[in-house]
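Observations on chain architecture
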Amino acid sequence: MKHFSIKELTRSMTAERLGIDNTPPAEAVRALTRLVDHVLDPLREALGGPIYVTSGYRCRALNRAVGGAAHSQHMRGEAADITTYSREGNARMLALLRQLPVDQVINEHDLQWIHVSYHAPGRRQFLSIP
Ligand SMILES: [Zn+2]
């Protein structure tokens, strides 16, 4: 873990607002660490600029509060929603992710943000949500 911290992968304004304790269990911390080591850090190095995590680990209550999928990989610490806050930067990330050992990548709403997960062995599935 070089460019990301467990703290930034677990903090949530929604959790704070609703008083939800989003502290990850050890298993989720290990999964977040693998996500960073295999995908997020290499992506950050290839991109050469900052990547912002808008949502990483979500406990069940937080996942429900944000309307996440019932079996979301966020609940296991395997997924993060990331953005550069520019469509051009997000398009570059999407291209770079093709070279990395991802499980699932979702282009969310025409490059507003990207959902990325890591799980071994990965599916290497690339989707777009309009
Ligand atoms: Zn996501």
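The notes below deal with the structure included here. (Residues numbered from 1 in each chain as written. Predicted model: local features only at pLDDT ≥ 70, side-chain atom pairs only at ≥ 80, totals over all residues. Heavy atoms only, no water.)

Enumeration according to the criterion identifies one aromatic pair in this entry. Between Tyr52 and Tyr85, the ring centres sit 5.2 Å apart and the planes meet at 45°, which makes this aromatic pair tilted. Taken as a pair, Tyr52 in strand β1 (residues 52-55) and Tyr85 in the loop between β2 (79-83) and α4 (87-97) lie far apart in primary sequence, 33 residues in all. Owing to a relative accessible area of 38%, Tyr52 belongs among the partly exposed residues under this scheme. For Tyr85, a relative accessible area of 61% translates into the label exposed. Taking NZ or CZ as reference, Arg98 lies 3.9 Å from the ring centre of Phe126, over its face. (Phe/Tyr/Trp six-rings, centres within 6.5 Å; stacked < 30°, edge-to-face > 60°. Helix = DSSP H or I, 4+ residues; strand = E, 2+ residues; numbered from the N terminus. Buried < 20%, exposed > 50% of the residue type's maximum accessible area, 1.4 Å probe, protein only. Lys NZ or Arg CZ within 6 Å of the ring centre and 35° of its normal.)

Moving on: the coordination of the zinc ion. Binding of the zinc ion to the protein goes through His74 (NE2), Asp81 (OD) and His115 (ND1), at separations of 2.0 to 2.1 Å. Mapping the donors of the zinc ion onto the primary sequence yields the spacing H-x6-D-x33-H. A residue pair is termed long-range when its members are at least 10 positions apart, and His74 in the loop between α3 (60-65) and β2 and His115 in strand β4 (residues 113-117) qualify at 41 residues. Across this residue pair, the class does not change: His74 and His115 are buried. (Donors = N, O, S within 2.8 Å, 3.2 Å for Na, K, Ca; no water.)

Before going further, it helps to spend a moment on the environment of Val36. With respect to the element layout, Val36 can be found in helix α2 (residues 26-47). Considering only alpha carbons, one finds Val36 and Glu78, 42 residues apart in sequence, at a separation of 9.6 Å.

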